[in-house]
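These are the residues of each chain, in order.
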Amino acid sequence: MSTSHRVDMGACRNPSLNIRPDLARAATAITGPSLDDELVGPRGTWWWTGKAPADCPGFDKAAGVLRSLPLPNLRSFTRQSVLDYFDNLWTLTEVLFASLQMTDAFIRQPYHQLRHPMMFYYGHPAVLYINKFRVAGLLDKGINQYFEQLFETGVDEMSWDDLSRGRDDWPPVREVHQYRKQAYAVVRDVILNHPALDQAQVGWDDPAWAIFMGFEHERIHIETSSVLIRELPLTSVRKPEFWPDYHPSTSNSSPPVPTEGVDFPVNSMVPVAGDKVVLGKDITYPSFGWDNEYGRKEIQVQGFRATKYKVTNGEFLRFVKASGYMNPKYWSAEGWGWKTFRNVKWPTFWMPDGPQGLHRYKLRVLFDAVDMRWDWPVDVNYHEARAFAAWRTEQDSSSVRYRLITEAEHNLIRNTRDRVDAHLLIAADHPAAAVEPNRRPSANEHVSPDAAMLASGTDALKSSACGFNIQLAYGSQNPVTELPPSEKGFHDTFGSAWEWGEDHFAGYAGFKVHPYYEDFSAPCFAGKHQLIFGGSFISTGQLASKFARYQFRPHFFQHATFRLVKPDVDMSLYDSARYGSQNPVTPFYETSCMDAAPPHMGDGPCCSVSRRAAFTPTQAEEVASVKAKLEAAQVAYESDAILAQYLSLHYGPLDRVYPDLLHEVGMIADALDFPRKLAECLTAWADRCGVLTSEEAKRMSASGRDAAVGPRALDLGCAVGRSSFELARRFCQVVGVDISKTFIEVAAKIRDNGRMDYDCALEGEITERLTAALPAPSQAELHPIEAGRCRFLQGDACDLPSALGQFDAVLAANLLCRVPEPSACLAQIKASLRPGGVALITSPFSWLEQYTDRSNWLGGGYKDGLPNRSADVLKSLLAPDFEILEEGSMPLIIREHSRKYQLISAHKLVVQRKGK
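The model shown is predicted, which means the values in this text are computed figures rather than measured ones.

(A) Region of the structure containing the packing of aromatic side chains. The final tally for this structure, using the stated rule, is 67 aromatic pairs. With centroids separated by 5.4 Å and ring planes inclined at 85 degrees, the aromatic side chains of Trp-46 and Trp-47 adopt a geometry described as edge-to-face. Geometrically, the ring pair formed by Phe-120 and Tyr-121 is edge-to-face, given 5.0 Å between the ring centres and 85 degrees between the ring planes. Residue Tyr-121 is classed as buried on the basis of its relative accessible area of 4%. Directly above the ring of Trp-90 sits Arg-180, whose terminal nitrogen or CZ lies 4.1 Å from the centroid.

(B) Layout of the sheet that holds strand E24 (residues 882-897). The seven strands lie next to each other as E19-E16-E15-E20-E21-E25-E24, forming an open sheet whose pairing is mixed. Every other strand in the sheet has two partners, leaving strand E19 (790-794) and E24 as the edge strands with one partner each. Across the sheet, the mean angle from the axis of one strand to that of its neighbour is 20 degrees, orientation sign disregarded. Sheet topology note: the strand E15 (residues 712-716)/strand E16 (residues 733-738) ladder contains five bridges and is parallel. Each residue of the ladder has a partner; that of Asp-715, found in E16, is Gly-736. Where helix H18 (residues 674-688) meets the sheet, its contacts fall on strand E20 (807-813), strand E21 (833-843), E24 and strand E25 (900-913), and the angle it forms with E21 comes to roughly 150 degrees.

(C) Structural detail: the nonpolar core. Counting residues in hydrophobic clusters, the biggest one holds 163 residues, and the most contacted among them are Phe-106, Ile-211, Phe-215, Phe-316, Trp-350 and Phe-562. In this view, Ile-211 contacts Tyr-129, Phe-133, Leu-138, Val-190, Ile-191 and Leu-197; residues no more than four positions away in its chain are not counted.

(D) A look at the packing of helix H2 (residues 79-97) against helix H7 (residues 209-230). In contact at an axis separation of 10 Å, H2 and H7 are set at 20 degrees when each is read in the N-to-C sense. Judged by the angle between their axes, H2 and H7 are roughly parallel. The two elements H2 and H7 meet at a crossing, and its hand is left-handed. From H2, Val-82, Tyr-85, Phe-86, Asn-88, Leu-89, Trp-90, Leu-92, Thr-93, Leu-96 and Phe-97 reach across to H7, where they touch Phe-212, Phe-215, Glu-216, Glu-218, Arg-219, Ile-222, Ser-225, Ser-226 and Ile-229. Among the residues making up the contact of H2 with H7, the classes are represented as 12 nonpolar, four polar and three charged.

(E) Just the sheet that holds strand E3 (residues 269-272), in detail. As summarised here, the arrangement of the three strands in space is E3-E6-E14, forming an open sheet in which the pairing is antiparallel. This sheet does not close on itself; its edge strands, each paired only once, are E3 and strand E14 (565-567). The mean inter-strand angle of the sheet, taken between neighbouring strand axes irrespective of direction, is 25 degrees. As paired strands, strand E6 (residues 304-307) and E14 are joined by three bridges and run antiparallel to one another. Following the sheet pairing, Ala-306 is matched in E14 by Val-565.

(F) Here's a closer look at the pattern of salt bridges. For the structure shown, the criterion picks out 45 salt bridges. Between Arg-439 and Glu-445 there is a salt bridge, and its shortest N-O distance comes to 2.7 Å. Glu-499 is the salt-bridge partner of Arg-563, the closest N and O atoms lying 3.0 Å from each other. Residue Arg-563 is located in the loop between strand E13 (560-561) and E14, and its partner Glu-499 is located in strand E10 (residues 498-504); the two are separated by 64 residues in the primary sequence. For the pair Arg-563 and Glu-499, one class covers both residues: buried. The structure contains a network of salt bridges with shared partners spanning Asp-673, Arg-676, Glu-680, Arg-722, Glu-726, Arg-729 and Glu-781.

(G) View of the environment of Ser-398. Here Ser-398 shows up in the loop between helix H10 (382-395) and helix H11 (407-413). Taking relative accessible area as the criterion, Ser-398 reaches 3% and is therefore assigned buried. Separated by 186 residues in sequence, Ser-398 and Pro-584 have C-alpha atoms that sit 6.7 Å apart. Ser-398 has contacts with Thr-393, Lys-566, Gly-580, Ser-581 and Pro-584, leaving out every residue within four places of it along the chain.

(H) Just the UniProt feature "domain: Methyltransferase type" (unreviewed entry) in the chain, in detail. Here the UniProt feature "domain: Methyltransferase type" (unreviewed entry) sits at residues 714-841. Note that residues 714-841 is 23% helix and 37% strand, and that its end C-alpha atoms are spaced 12 Å apart.

(I) Representation of the side chain of Asp-418. Checked against the element boundaries, Asp-418 lands in the loop between H11 and helix H12 (431-435). Ignoring sequence-local partners within four residues, the contact set of Asp-418 consists of Phe-468, Phe-494 and Lys-546.

(J) Region of interest: helix H22 (residues 822-832). Buried residues of H22: Pro-822, Cys-825, Leu-826, Gln-828, Ile-829 and Ser-832, and no others. Buried residues of H22, seen end-on, are gathered within an arc of 155 degrees and therefore sit on one face of the element. Those residues of H22 that are buried lie in contact with E15, E20, E21 and helix H23 (870-878).

(K) Fine view of the side chain of His-247. Looking at where His-247 falls in the secondary structure, it is placed in the loop between H7 and E3. Polar side-chain contacts of His-247 include one of 2.7 Å to the side chain of Glu-482. Sequence-distant contacts of His-247, that is, excluding residues within four places in its chain, are made with Trp-376, Tyr-474, Ser-476, Gln-477, Asn-478, Pro-479 and Glu-482.

Procedures and definitions
Residues numbered from 1 in each chain as written. Predicted model: local features only at pLDDT ≥ 70, side-chain atom pairs only at ≥ 80, totals over all residues. Heavy atoms only, no water. Phe/Tyr/Trp six-rings, centres within 6.5 Å; stacked < 30°, edge-to-face > 60°. Buried < 20%, exposed > 50% of the residue type's maximum accessible area, 1.4 Å probe, protein only. Lys NZ or Arg CZ within 6 Å of the ring centre and 35° of its normal. Pairing = 2+ DSSP bridges. Helix = DSSP H or I, 4+ residues; strand = E, 2+ residues; numbered from the N terminus. Axes fitted to C-alpha atoms, helices over the stretch in contact; angles between N-to-C directions. Contact = heavy atoms within 4.5 Å. Core = buried A, V, L, I, M, F, W, Y, C linked by side-chain atoms within 4.5 Å. Parallel < 35°, antiparallel > 145°, perpendicular 65-115°, else oblique. Left-handed = near helix turned anticlockwise from the far one by under 90°. Nonpolar A, V, L, I, M, F, W, Y, C, P; charged D, E, K, R; others polar. Salt bridge = Lys/Arg side-chain N within 4 Å of Asp/Glu carboxyl O. UniProt positions renumbered as here; feature names shortened; annotations may be inferred. Arc of directions from axis to C-beta. Polar contact = N/O pair within 3.5 Å; in protein donor to acceptor, adjacent residues only side chain to side chain.

Structure representation (C-alpha cells):
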C-alpha cells in the first residue's frame with residue numbers, strides 16, 4: 001500500500017497519542033536509501049530559491065542563525081530596505097520548511113485532518129504574491145495557472161469534527177520548489193523596478209500596498225506552519241540549520257514532579273484600575289495593517305485583577321492531576337464535545353513519558369522533545385483555557401467566575417507605549433508631536449511607537465523599545481519570569497505565547513474590506529472565532545505589532561496560552577440567596593465584538609451591550625427585567641389574532657376549527673380539546689387523592705372552613721377560561737388568573753353570557769365567523785359545568801394576592817416557560833396549595849428570552865458540561881415538598897389558519913403536596 005499521502009486514520013481522535021514518538025529514537029535517525037534522499041538531513045544549496053541564510057539580511061553571525069527584521073516603516077523606506085525585508089522572510093520560510101524530512105512530511109495530512117498538508121503551505125505564500133499583485137495591477141499575468149488555483153485558498157474548518165478528506169495528487173516537491181524560484185524572481189523584479197514604489201510612502205489605496213500585504217501574509221504562514229510542524233511526528237522533522245535556538249533552559253534538567261515556587265512561580269493576581277480604552281489603528285499610521293485593525297471602538301473597562309504571569313505548565317499540571325479533563329462540569333458544551341471527540345487527557349504538546357496516571361511528561365517544541373519546562377506558558381486552546389478557569393474558580397471558592405482577558409483589558413496591562421491608544425495618553429507638549437504638528441498623534445509612530453517596527457530578532461530581548469520574545473529572538477517560548485514586567489506588573493504582555501481572549505472576532509466601527517484581499521477578515525465575523533493577543537516567539541513583522549488582531553476557532557492551537565482575570569465586583573448588587581462561592585456570578589464585561597455594525601458582526605451570546613444573557617443580572621437588573629417581561633407578555637397576548645387562536649383552542653367548535661383532523665388517531669386525536677383534558681386529568685387525580693370526597697368536605701368544615709364552599713381549584717395562566725369552567729364541574733370554587741387583561745375579560749364574558757363570537761383565520765385576511773361557547777349541558781352528565789363558580793382575575797402567576805388563600809388543586813398549563821421567574825411561579829404553586837392538595841403542571845419548555853431571562857430558565861442548557869433537562873430540574877425543585885403522582889406528555893394543537901397548525905407535546909407532571 002502506498003504511503004505517499006498517508007493520513008493517520010483512527011489516530012486522529014487523540015493528538016497526544018498521535019504525535020508521541022519513541023523517545024529513544026532521534027528524529028535524525030532516518031537511514032536507508034530513498035528516492036528523496038535530498039529531503040533528508042541538512043538541505044543542500046539547491047534548496048534556497050532566494051538568498052542563502054548566511055547571505056540574508058537578519059542573519060545573526062554570532063549565533064549562526066537567521067532572525068526577523070523589524071516591520072517596515074511605510075513613510076521611510078528604500079527599494080533596498082524593502083528587498084531586504086522580503087529576502088529575510090522568504091528565506092525564513094525556506095529555513096523552516098528545511099525541517100521536513102522526506103516527501104511524506106510534505107504530503108502527510110495533519111492528525112486532526114482540519115488543515116492541508118505542508119505541501120500546500122510550501123507553495124501558498126508564493127502563489128499569493130502573484131495573485132494579489134495581479135489584483136493590484138502590479139502584474140499582467142501569472143506564472144502557472146494550475147498552481148495559482150491549487151495553492152490559492154487555505155482551510156477554515158467549521159468545527160473540530162469537520163474532517164477533510166484531503167487529496168492525493170499534490171505535485172512533487174521539486175515542482176513546487178521550481179515555482180517558488182520563479183515567483184521569487186517576479187517579486188524581486190517588482191520591488192526593484194515597478195514604479196509603484198517610486199513614491200515616498202505607501203498607504204491603503206496604493207497598488208504597492210499589495211507588496212507589503214504579501215510580506216505579512218507570508219509571515220502569518222511562517223507561524224501557522226510552525227504549529228503544523230510541531231504536530232508532525234518527530235521522525236518527520238529535524239531542527240534545521242540556521243533556525244534560532246530554543247531558550248537555553250531546554251538544556252536544563254527538570255523534575256518530573258514540580259514544586260510551586262521552585263520549578264514554576266506562584267502566579268498571584270495583580271489589580272488593574274478601570275479606565276477607558278480606545279481600540280483601532282489610524283488609517284495613516286505608517287505600517288502595514290490588515291483591514292480588521294482599522295476603525296474605532298471605545299470601551300470603558302471596569303476594574304479587574306489578572307495573573308501577573310501567563311499560566312504555566314506547572315500550574316496546569318494540577319488541573320490535569322485533578323481529573324479536569326475527565327469532569328464535564330468545567331467545560332462548555334462545545335468544549336466537552338471537542339474533548340471527547342479527540343479523547344484529550346492533557347495538553348496536546350505534552351508527551352507522556354510513562355504510563356497514563358503517572359503524569360510524567362516531555363514537552364514537544366517545534367522539532368524536538370525536551371524535558372518538561374514547568375515555568376513556560378502552557379500551550380492550550382480556548383476550550384482548555386476556559387475549563388481551567390472554571391476549575392480554578394472552584395478551587396479558590398471564588399464568588400466571581402474567573403475568565404480570560406479581553407482585548408481592552410489586555411491594553412491596560414501593557415506598558416503605556418504599547419497600548420493602541422498611546423497617543424491619547426501622552427503630554428500635550430510631547431517633542432515628537434511638536435516636530436510634526438501636521439500629523440495626527442494617532443498616526444505618528446514617534447508619539448505612539450510600535451516595538452515591531454523598532455526591534456529585530458537580534459535585539460528584541462534587550463532593546464529598551466521592546467524587551468519581548470518576538471521576531472524569533474528565541475526559537476521557543478521562555479520562562480514566564482525571565483523578562484521584565486510591564487509598568488502595571490505583568491510579564492510577557494507581548495511575545496513568547498499568544499493569549500486567548502474572550503472577544504469574538506469582529507470589525508470596529510468604520511471597518512471596510514480591502515479590495516485586494518476581500519476574504520481575509522469578513523468571513524470570520526460570525527461569532528465563532530476568538531481573538532488572540534500579544535504574539536508569540538515566532539510572531540514576526542506585523543504579527544508582533546501592538547495593533548495585531550488575529551483569531552482562531554476555539555479548538556485550534558497556535559502557540560497560545562492564557563492568563564486568568566477576576567473582575568472587581570460589588571457582591572451586594574447580587575441576590576445573596578442565589579449567588580456565592582457555590583454559584584459564582586459572571587458579571588457583565590464589554591468585549592470589542594459587542595454591537596459591531598452589520599454586516600460585520602457576530603452571532604455569539606454576548607454580542608451586544610444591551611443583550612446580556614450570558615451574564616449574571618444584578619438585583620436591580622432582575623427587577624427591571626421582570627417588569628419588562630411582564631409588560632411584554634401582556635402585549636403579546638392582546639392582539640386579535642392571538643385571541644382568536646386561543647378561543648379556537650379552548651372552545652372550537654372542533655368540527656369547524658379542526659375539520660381535517662377529527663378522523664385522525666394517535667397523537668393528533670389526543671391533542672384535540674386540550675383544555676378540557678387538562679381539567680379532567682387534574683379532577684381525576686384530585687378525586688383519587690380524596691380531595692373531592694364527602695369525608696374531605698366534612699373535614700374542611702370541621703377545620704373552620706365553610707363547607708358550602710367546598711374544594712377550591714386555582715387555574716394559573718387560565719387564558720380564556722375553558723379549563724376553569726371544566727374544573728367547575730366538581731370544584732365548588734375556581735379562580736382563574738392570567739396576565740392578559742383581554743383574556744380575563746373574554747373569560748368573564750363567556751361565563752356571564754355562555755358564548756362569544758370571534759373571527760377565525762382561514763388564509764391571509766380571509767376569516768370566518770365562529771362562536772366560542774360553553775358545552776351545552778346534557779341530562780346524561782353527572783356533573784355539568786357550573787360557570788357561576790368561576791372567578792377570573794388579571795394577575796401575575798408569580799405573585800398572587802395573599803387574600804386568595806389556599807386551594808385543593810392547582811393547574812399550571814404551559815405557563816412555566818412564559819413567566820419571568822419560573823422558580824417564583826413554583827413557589828407560588830406551593831404557597832397556594834394546601835398540604836395534601838394536587839397540582840398538574842404542563843410545559844413544552846419552549847424557553848425564550850422574550851419571556852424569561854436565560855439565568856432564570858429551569859434547565860434548557862448545559863450544567864457542569866452536561867445537558868440540563870428542564871423536566872429533571874423541575875422534579876428536583878419540587879422534590880422537597882411534593883410527591884410525584886404521574887409523569888408523561890400531553891399533546892395539543894394550536895390552529896393558526898386553515899392549513900397551518902402547531903403540534904406541541906407538553907411535559908406533564910402531577911404532584912401532591914406533602915403533609916396533612
